Amino acid sequence: MDLGASASFVAEPPELSIDTRPPRDPRTPFLDRTMITWIGAGGLALLVAVFVPYWYTLYRGESVAVAQTAAFSAWLIGHVLLAFVSRSSTDPIHRVGLFSNRVMLLWGAGATLFLALALAIPAFGDRLGLTGIGSGWFGFVIGTAVLCMGVYELVKVGRARAKRTIWSG
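From a predicted model like this one, the values you see are computed outputs, not experimental measurements.

## Re helix H3 (residues 64–85)
- Look at H3: 31 Å from first C-alpha to last across 22 residues, which is about the 32 Å you get at 1.5 Å a residue.
- Within H3, 16 of the 22 residues are buried, which leaves the element mostly enclosed by the surrounding structure.

## Focus on a nonpolar patch on the surface
- There is a patch of nonpolar side chains on the surface, built from Leu44, Leu47, Val48, Phe51, Trp55 and Tyr59 and spanning about 660 Å² of accessible area.
- Among the structural elements, leucine 47 can be located in helix H2 (residues 33–59).
- Here leucine 47 falls in the exposed class, since its relative accessible area comes to 52%.

## Quick notes on the nonpolar core
- Counting residues in hydrophobic clusters, the biggest one holds 24 residues, and the most contacted among them are Leu82, Met149 and Tyr152.
- Mapped by element, the contributors of at least two residues to this core are H2, H3, helix H5 (102–120) and helix H7 (135–168).
- Discounting chain neighbours no more than four positions away, the residues touching methionine 149 are Ala45, Leu46, Ala49, Gly78, Leu81, Leu82 and Val85.

## Some words on the pattern of salt bridges
- Within the structure shown, the criterion is met by two salt bridges.
- The partner of arginine 27 in a salt bridge is aspartate 25, with the nearest N and O atoms 3.1 Å apart.
- Arginine 27 sits in the exposed class, given a relative accessible area of 73%.
- Owing to a relative accessible area of 29%, aspartate 25 belongs among the partly exposed residues under this scheme.
- Between glutamate 153 and lysine 156 there is a salt bridge, with its nearest N and O atoms 2.8 Å apart. On the criterion of helical spacing, the pair formed by glutamate 153 and lysine 156 is a turn pair, its members being three residues apart in helix H7.

## Considerations on the packing of aromatic side chains
- Across all of its chains, the model carries nine aromatic pairs by this definition.
- Pairing tryptophan 55 with tyrosine 59 gives two aromatic rings, centres 5.1 Å apart and planes at 20°, and the pair type is stacked. Of the two residues, tryptophan 55 and tyrosine 59 are both situated in helix H2; the distance of four residues between them amounts to about one turn of the helix.
- Note on tyrosine 59: relative accessible area 58%, which makes it exposed.
- Aromatic pair phenylalanine 114 and phenylalanine 124: ring centres 5.4 Å apart, planes at 90°, arrangement edge-to-face. Of the two residues, phenylalanine 114 sits in helix H5 while phenylalanine 124 sits in helix H6 (residues 122–127), which places them ten residues apart along the sequence.

## Focus on the environment of phenylalanine 124
- Judged by relative accessible area, phenylalanine 124 falls into the partly exposed class, the value being 29%.
- The spacing of phenylalanine 124 and phenylalanine 114 is ten residues in sequence and 9.9 Å in space, taken between C-alpha atoms.
- Other than its neighbours up to four places away in sequence, phenylalanine 124 contacts Phe114, Leu117 and Ala118.

## Quick notes on the side chain of serine 73
- Mapping serine 73 onto the fold places it in helix H3.
- For serine 73, a relative accessible area of 0% corresponds to the buried category.
- At a separation of 2.8 Å, a polar atom in the side chain of serine 73 contacts the main-chain carbonyl oxygen of threonine 69.
- Each residue touching serine 73, except ones within four places of it in the same chain, is listed here: Leu115, Leu119, Ile133, Phe138 and Val141.

Conventions used here
Residue positions are given per chain, counting from 1 as you read along its sequence in written order. Reporting in this predicted model follows two pLDDT cut-offs: at least 70 for local features of residues, and 80 or more for side-chain atom pairs to be given and counted; totals over whole chains, interfaces and linings ignore these cut-offs and use all residues. Calculated side-chain values reflect all of the structure's heavy atoms, with hydrogen atoms and water omitted. By the criteria applied, helices consist of DSSP H or I runs no shorter than four residues and strands consist of E runs no shorter than two, each listed in order from the N terminus. What a helix should span is 1.5 Å times the count of its residues minus one. Accessibility here uses a 1.4 Å probe with only protein chains present; expressed as a share of the type maximum, an area under 20% marks a residue as buried, one over 50% as exposed, and anything in between as partly exposed. Residues enter patches when their relative accessible area tops 30% and they take part in no salt bridge; the joining distance is 9 Å for like charges and 5 Å for the nonpolar side chains Val, Leu, Ile, Met, Phe, Trp and Tyr. Each accessible area value is a Shrake-Rupley result obtained with a 1.4 Å probe; residue values ignore everything except the protein chains displayed when judging cover. A carboxyl oxygen of Asp or Glu within 4 Å of a side-chain nitrogen of Lys or Arg is what we treat as a salt bridge. Put simply, buried Ala, Val, Leu, Ile, Met, Phe, Trp, Tyr and Cys residues joined by side-chain atoms within 4.5 Å make one nonpolar core. Residues count as neighbours in contact if any of their non-hydrogen atoms are within 4.5 Å of one another. Within 6.5 Å between ring centres, the rings of Phe, Tyr and Trp (the latter by its six-membered ring) count as paired, and their orientation is classed by plane angle as stacked under 30 degrees, edge-to-face over 60, tilted in between. In protein, a polar contact means a hydrogen-donor-capable atom and an acceptor-capable atom, both N or O and within 3.5 Å, with residues adjacent in sequence counting only if both atoms are side-chain atoms; elsewhere, any N or O pair within 3.5 Å suffices.

Encoded structure:
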């Protein structure tokens, strides 16, 4: 997963807002506190996207296998969504362009196809330790991942807007 995502980030075009931001102080470390915080926030969003379906399926009396399949599905979907919203540290995904990076599109489609095949073909899913989950559970998994990554995106955009106000003020 990470190798494919890394390859797609290499193919990412420059951020549209890059020339509107002040230059970065060359004395600051590359992994500064802000970047580490946002990496942690993305990880936290993915943790919630995975933990909630896992916990909720168990809470509702489903088997551990269903809970694990829901968690794996949430991780894979959440990972793809997190990569898409992480393409820019300041610009919203609609400004970056959902289809502007073909490598990311291919990686995301490939990861999604992998999950679809693993869930649709029992012999394939069995080898991965996955089991079939109903469409209701799968919808819940997708919804949770979209909600968590949507909140991450909104916070990122809100933070960037606040900084732009400071820069221009």
